[in-house]
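As a plain string of letters, each chain reads:
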2 protein chains.
Amino acid sequence: MYLTKSISAISLGALLIATTGFAASHSDKAAKAAVGARHAQMQIIAYHTGILGGMAKGEAEYDAEKAKAAASNLHAAAMLDPSTMWVEGTENGMVEGSDAKPEVWTDAEGFASKLENLQTASAAMMDAAGTDLDALKASMGNLGKACGACHDDYRVPKN
Amino acid sequence: MYLTKSISAISLGALLIATTGFAASHSDKAAKAAVGARHAQMQIIAYHTGILGGMAKGEAEYDAEKAKAAASNLHAAAMLDPSTMWVEGTENGMVEGSDAKPEVWTDAEGFASKLENLQTASAAMMDAAGTDLDALKASMGNLGKACGACHDDYRVPKN
């Protein structure tokens, strides 16, 4: 009886540790995947902003079709539903590689408003990019401002 | 005169080398960025397929709102205009990290058709995911097939 009880206690303890361990590692994996997915979102935004910026700066030839496609992809990435990727508990310090300030969640309204500014700027760029180079150039300012304003408030400074 | 000529020749040579070097490195950078952007596209697709798959397999609780958001993001990533990221000259062997077979470009029609299958499957998932778990499960098959069929034909085998 005493032995059985001890074994049960040990087994229960081991089970609890194993379960907790699994839960932690499972949720770590999910958190890392969420951070990776939003980095991917940012990468698609940066890549297409780079195509448009290259044309605006005269480093690449203006190409209406390419500019339109880039603006459309940029806008699509900005319009992704944030709820699946910007999940609570994945701020800087909690998950390796995360640069998100806790304010993304503690000031969710402010973050949502900054995201909306980006969506407005990328929608405007969709109209401008295919029009002509001057329209594209005129639209770059608001786009850059929308990126920068959100990074200032909701991303930890780059080292 | 002789000295001046030599210096000019050396300068011209150095300039040519520098220019060629810059051009090559500029286009390398663009090619790498394109490959990175499509990896980001794939990552967003994989991440959201994983959320839906977790629910389908019972590893995560079914959550209609989350499933709908995941399907919507998956579809948005599948709908990105491929022309900015799937640029010629960025196949496996040409750009570090690229797993794209040359057939993406030599058989562009076949690739476009496989991409369309994914878009159809992800659109169907958008309807199914928010309905109920059975509908979600029923839609997983076509989604998985669309991923696999394209990887079989247009991605080099993973090591």
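Residues numbered from 1 in each chain as written. Chains lettered and ligands numbered in written order. Predicted model: local features only at pLDDT ≥ 70, side-chain atom pairs only at ≥ 80, totals over all residues. Heavy atoms only, no water.

As annotated in an unreviewed UniProt entry, chain A is Cytochrome c556 from Sulfitobacter delicatus.

Asks: Account for the UniProt feature "binding site: heme c" (unreviewed entry) in chain A, with residues named and values stated.
Replies: Residues and elements named next belong to chain A. Cross-referencing UniProt, the feature "binding site: heme c" (unreviewed entry) maps to Cys147, Cys150 and His151 in the present numbering. With respect to the secondary-structure elements, Cys147 resides in helix α5 (residues 133–154). The topology assignment puts Cys150 in helix α5. Setting aside its immediate chain neighbours within four residues, Cys150 contacts Phe111, Lys114 and Arg155. (UniProt positions renumbered as here; feature names shortened; annotations may be inferred. Helix = DSSP H or I, 4+ residues; strand = E, 2+ residues; numbered from the N terminus. Contact = heavy atoms within 4.5 Å.)

Asks: I'd like to hear about the pattern of salt bridges, residue by residue, with values.
Replies: Close approach of charged atoms lets side chains of opposite charge pair. All names here are of chain A. Under the counting rule described, the total for this entry stands at eight salt bridges over all chains. Here Lys68 ties to Glu65 by a salt bridge, and the two come within 3.9 Å at their closest N and O atoms. Placement of both Lys68 and Glu65 in helix α2 (residues 64–78) is noted, with a separation of three residues, approximately one turn of the helix. Here Glu65 falls in the exposed class, since its relative accessible area comes to 57%. (Salt bridge = Lys/Arg side-chain N within 4 Å of Asp/Glu carboxyl O. Buried < 20%, exposed > 50% of the residue type's maximum accessible area, 1.4 Å probe, protein only.)

Asks: Just give me the short version of the relation of the copies chain A and chain B, but keep the residues and values in it.
Replies: Superposition record for chain A on chain B: RMSD 0.0 Å, screw rotation 180°, translation along axis 0.0 Å. The two molecules are tied by a two-fold rotation axis, judged by turn and shift. Within chain A, the C-alpha atom positioned nearest to the axis of rotation is that of A:Ala40, 2.2 Å from it. Most of the interface of chain A is mirrored in chain B, where 100% of its interface residues again form contacts. (Least-squares fit on C-alpha atoms with pLDDT ≥ 70 in both.)

Asks: Tell me about the interface of chain A and chain B, residues and numbers included.
Replies: Contact with chain A, which involves 21 residues of that partner, is made by 21 residues of chain B. Buried surface at the junction of chain A and chain B, summed over both partners, amounts to about 1700 Å²; 68% is from carbon and sulfur atoms. The largest contributions to the chain A side of the interface with chain B come from A:Ile44, A:Tyr47 and A:Thr84, which together make up 33% of the buried area. Where chain A touches chain B, the interface holds zero salt bridges. Run the count over chain A and chain B and you get ten residue pairs in polar contact (both at pLDDT 80 or more). (Buried area = accessible area lost by both parts, 1.4 Å probe. Polar contact = N/O pair within 3.5 Å; in protein donor to acceptor, adjacent residues only side chain to side chain.)

Asks: Residues and numbers for the packing of helix α4 (residues 108–129) of chain B against helix α5 (residues 133–154) of chain B, please.
Replies: Residues and elements named next belong to chain B. For the pair α4 and α5, the least separation of the axes is 9 Å and the interaxial angle reads 165°. Judged by the inter-axis angle, α4 sits roughly antiparallel to α5. Where α4 crosses over α5, the two elements pack in a sense that is left-handed. Of the residues in α5, those touching α4 at Gly110, Phe111, Lys114, Asn117, Leu118, Ala121, Ser122, Ala124, Met125, Ala128 and Ala129 are Ala135, Leu136, Ser139, Met140, Asn142, Leu143, Ala146, Cys147, Ala149, Cys150, Asp153 and Tyr154. Classifying every residue of the contact of α4 with α5 by side-chain character gives 16 nonpolar, five polar and two charged. (Axes fitted to C-alpha atoms, helices over the stretch in contact; angles between N-to-C directions. Parallel < 35°, antiparallel > 145°, perpendicular 65-115°, else oblique. Left-handed = near helix turned anticlockwise from the far one by under 90°. Nonpolar A, V, L, I, M, F, W, Y, C, P; charged D, E, K, R; others polar.)

Asks: An account of the packing of aromatic side chains is requested, with residue identities and associated values reported.
Replies: This model, assessed by the stated rule, comprises four aromatic pairs over all chains. Taken together, a centroid distance of 5.1 Å and an interplanar angle of 50° make the contact between A:Trp86 and A:Phe111 tilted. Remark: A:Phe111 occurs in helix α4 (residues 108–129) and A:Trp86 occurs in the loop between α2 and α3 (103–106); sequence separation between them is 25 residues. For the pair shown, A:Trp86 and A:Phe111 are each scored as buried. With centroids separated by 5.4 Å and ring planes inclined at 75°, the aromatic side chains of B:Phe111 and B:Tyr154 adopt a geometry described as edge-to-face. (Phe/Tyr/Trp six-rings, centres within 6.5 Å; stacked < 30°, edge-to-face > 60°.)

Asks: Could you give me a rundown of the environment of A:Leu115, with the residues and numbers involved?
Replies: All names here are of chain A. When you line up the elements, Leu115 lands in helix α4. Residue Leu115 is classed as buried on the basis of its relative accessible area, which comes to 16%. In the structure, Leu115 is positioned 33 residues away from Pro82 in sequence and 9.3 Å away in space, judged by C-alpha atoms. Leaving out residues up to four positions away in the same chain, Leu115 has contacts with Ala78 and Pro82.

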